[in-house]
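Residues per chain are reported as follows:
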Amino acid sequence: MAREVRTRFAPSPTGDLHVGNIRTALFDWAYAKHTDGKLIFRIEDTDRERVTDEYIARAVETMRWLGLQWDEGPEVGGPYGPYLQSQRLAIYTEWAERFLAQGDAYRCYCTPEELEARREKQRELNQAPGYDGQCRNLSESEISRFEAEGRKPTIRMRMPDGETRFSDLIRGEVVFEHKYVPDFVLMRGDGSPLYTLAVAVDDVLMKVTHILRGEDLLSSTPRQIRVYQAMGVKTEDFPFFAHLPFVMGQDNAKLSKRNGEVSIAWYREEGFLPEAICNYLALLGWSPGDDRENISMEELVQLFTVERVNSSPARFDMKKLEAINGDKIRALTLEDFLARALPFLVQAGVIKGADKEVALVKRALPLIQERIARMKEVVPMLRFLFVDSVEIELDSKGKMAEESAQHVLEKTLGVLEPLDVWSHESIEAAMRAALIEEMGLKPRVAFGPVRIAITGSHISPPLFESMELLGKESSLHRIRAAKI
Ligand code: GLU
Ligand code: ZN
């Protein structure tokens, strides 16, 4: 019987998760779901100077927000925990000791200065860089001397001659010649484990079967495989590797802070919906076999296979993400749209969240659902409904002072003051009759100044509906206030 698929997402949160992390998490999640397997969420926090509790908490929260639920890991536990590497230090020590005892690893007494001096030599002689194996075969007396000097040894894995060969599910056959993979450190002199030890030990102990992760980690694979071997894992039981190609920035350089990769927290603050982010990242570098641009999480789970991940780098396109976000916003039910809009309005101080305010927001939202691409836009769009008076935007002040604009305001007041029924239909009918039919104005000229008077901006929800929501008294008050 085939093994149950177990994937893992194993970030080292030294900051907020980034686009690259999320793409990895999404694919690990989708593959686990697709195969009815399990997703393990493991926090690689052995470097507690850079990985903080706060970043860990934020990573967990981000995963929840994205809807990428995990089967084992923080908050949910599981049979192979703990899932924080900082709580597993004794396990790594035990394995490192075992490797020492088996002769797979050895103690290296070289100081950082000695290592650096030898690296310098290698550079001079144009030799391949890396540890030269000096401590591989120390005699008892050399060891005693180093110990007497008080040197704190690191533990190094012995890399045998030869090569490591494995079949990457995305990249195909990969070979690493060991002359380029020097003996590597498993444990520092202070007894703290290195990434290569912890990651490999955990992948084995947590029974991970598939490692989908960024291509930047490809070169660490032969070291991890060496650890599996030292742990006594049989070759046929090694996890499968699938190294996901880089996500490039618009400028075709690897996506980084420099060319616009910002943390997922930024996308959230801007009002990108989690389903839009997942949709976009899913189709970035993976394809279900057609050229669709919209995909739901359910479809992704149904269709995801590693074989269909593109092996060449994908380019991140903010415009495309934004277009998808707009689609997802339009697809929301009113209730859902409301629930997602309220936090933005409260956070911006537009509303406090009173029932009356919420009811008004709910009436206004359908007016803007077609018009926004980021949730954050609800704030400038709806603010005019919740202020006593509006500040006319700078760009429009000149236009409002023009005679034609002032004339429009005057005329509008004249026809709206006597209105008995205040509905968008009656407002529109009165204004059209007076400004378009009678005065012969173009709609833009006729309604523009009124829009600015009412909302303060030339970008707003539809004008007549906005006036209906605002009410007669406030609307007329604002038109009067815009008159000079
Ligand atoms: N913790 C590593 C990182 O965040 C990734 C580990 C892995 O996927 O093998 O870079
Ligand atoms: Zn050494």
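Because the structure is predicted, anything quoted here is derived from the model rather than measured.

Caption draft 1: Representation of the packing of aromatic side chains. Going through the model one piece at a time under the given rule, you end up with 17 aromatic pairs. Consider the rings of Tyr-228 and Phe-241, whose centres lie 6.5 Å apart with planes at 20°: the pair is stacked. Here Tyr-228 is found in helix 7 (residues 221-230), whereas its partner Phe-241 is found in strand 9 (residues 240-244), with 13 residues between them in sequence. Given a relative accessible area of 0%, Tyr-228 falls into the buried group. Aromatic ring contacts, followed pair by pair, group Phe-166, Phe-176, Tyr-228, Phe-238 and Phe-241 into a single cluster.

Caption draft 2: Spatial organisation of the nonpolar core. One finds Leu-26, Phe-304, Phe-316, Leu-416, Met-431 and Met-467 to be the most contacted residues of the largest nonpolar core, which totals 106 residues. Element by element, the count of residues in this core is highest for helix 1 (residues 19-34), at nine residues. Setting aside chain neighbours within four positions, we find Met-431 in contact with Thr-412, Leu-416, Ile-436, Phe-447, Val-450, Leu-463, Phe-464 and Met-467. Judged by nonpolar contacts, the second largest core, of 35 residues, contains Tyr-83, Val-174, Leu-197 and Met-231.

Caption draft 3: Up close: the site of ligand 1. Around ligand 1 sit Arg-8, Ala-10, Pro-11, Ser-12, Glu-44, Tyr-195, Val-199, Arg-213 and Leu-217, and those are all the residues in its vicinity. One of the side-chain N or O atoms of Arg-8 is found 2.7 Å from an oxygen atom in ligand 1. At 2.9 Å from an oxygen atom of ligand 1 is found a side-chain nitrogen or oxygen belonging to Tyr-195. Contact with the protein chains covers 80% of the free accessible surface of ligand 1, which is 300 Å². Residues that form the shell around ligand 1 fall into these classes: five nonpolar, one polar and three charged.

Caption draft 4: Seen up close, empty space enclosed by the protein. According to the stated counting rule, one finds one cavity of 30 Å³ or more in the structure shown. Taken together, Val-19, Ile-264, Tyr-267, Ile-277, Tyr-280, Leu-281, Phe-316 and Leu-321 form the lining of the largest cavity. Among the elements of the structure, helix 8 (264-270) and helix 9 (274-283) are those that each provide at least two residues to the lining of the largest cavity. By residue number, the principal contributor to the lining of the largest cavity is helix 9, which donates three residues. A per-class count over the lining of the largest cavity returns eight nonpolar, no polar and no charged.

Caption draft 5: Fine view of the pattern of salt bridges. Across all of its chains, the model carries 44 salt bridges by this definition. With a shortest N-O distance of 3.9 Å, Asp-47 and Arg-50 are connected by a salt bridge. Asp-53 is paired through a salt bridge with Arg-48; the nearest N and O atoms lie 2.4 Å apart.

Caption draft 6: Local environment of the coordination of the zinc ion (ligand 2). For the zinc ion (ligand 2), every protein donor is listed as Cys-108 (SG), Cys-110 (SG), Tyr-131 (OH) and Cys-135 (SG), and the spread of their distances is 2.1 to 2.3 Å. In this structure, the zinc ion (ligand 2) is surrounded by four donor atoms whose angles at the metal cover 99 to 121°, and the resulting shape is tetrahedral. Sequence spacing among the residues donating to the zinc ion (ligand 2) works out to C-x1-C-x20-Y-x3-C. With respect to burial, Cys-108 and Cys-110 carry one shared label: buried.

Caption draft 7: Quick look at the sheet that holds strand 7 (residues 184-187). A sheet is described by the order of its strands in space; here three strands give the open sequence 3-4-7, paired in antiparallel fashion. Both outer strands of the open sheet, strand 3 (105-108) and strand 7, are each paired with one neighbouring strand and no more. This sheet shows a mean twist of 45° between the axes of neighbouring strands, independent of strand direction. One ladder, built from four bridges, connects strand 3 with strand 4 (residues 154-157); its direction is antiparallel. Each bridged residue has a counterpart across the sheet, and for Cys-108 the counterpart in strand 4 is Thr-154. Contacts from helix 3 (residues 89-102) reach strand 3, strand 4 and strand 7 within the one sheet, and its direction differs from that of strand 3 by about 100°.

Conventions and cut-offs
Residues numbered from 1 in each chain as written. Chains lettered and ligands numbered in written order. Predicted model: local features only at pLDDT ≥ 70, side-chain atom pairs only at ≥ 80, totals over all residues. Heavy atoms only, no water. Phe/Tyr/Trp six-rings, centres within 6.5 Å; stacked < 30°, edge-to-face > 60°. Helix = DSSP H or I, 4+ residues; strand = E, 2+ residues; numbered from the N terminus. Buried < 20%, exposed > 50% of the residue type's maximum accessible area, 1.4 Å probe, protein only. Core = buried A, V, L, I, M, F, W, Y, C linked by side-chain atoms within 4.5 Å. Contact = heavy atoms within 4.5 Å. Near = heavy atom within 4 Å. Polar contact = N/O pair within 3.5 Å; in protein donor to acceptor, adjacent residues only side chain to side chain. Areas by Shrake-Rupley, 256 points an atom, 1.4 Å probe, with all protein chains shown as cover. Nonpolar A, V, L, I, M, F, W, Y, C, P; charged D, E, K, R; others polar. 1 Å grid on protein atoms, 1.4 Å probe; cavity = no way out; pocket = protein on both sides within 12 Å on 5 of 7 lines; lining within 4 Å. Points joined across faces, edges and corners; volume = space filled by probe spheres on them. Salt bridge = Lys/Arg side-chain N within 4 Å of Asp/Glu carboxyl O. Donors = N, O, S within 2.8 Å, 3.2 Å for Na, K, Ca; no water. Tetrahedral: all angles 85-135°; square planar, octahedral: opposite > 155°, others 65-115°. Pairing = 2+ DSSP bridges. Axes fitted to C-alpha atoms, helices over the stretch in contact; angles between N-to-C directions.

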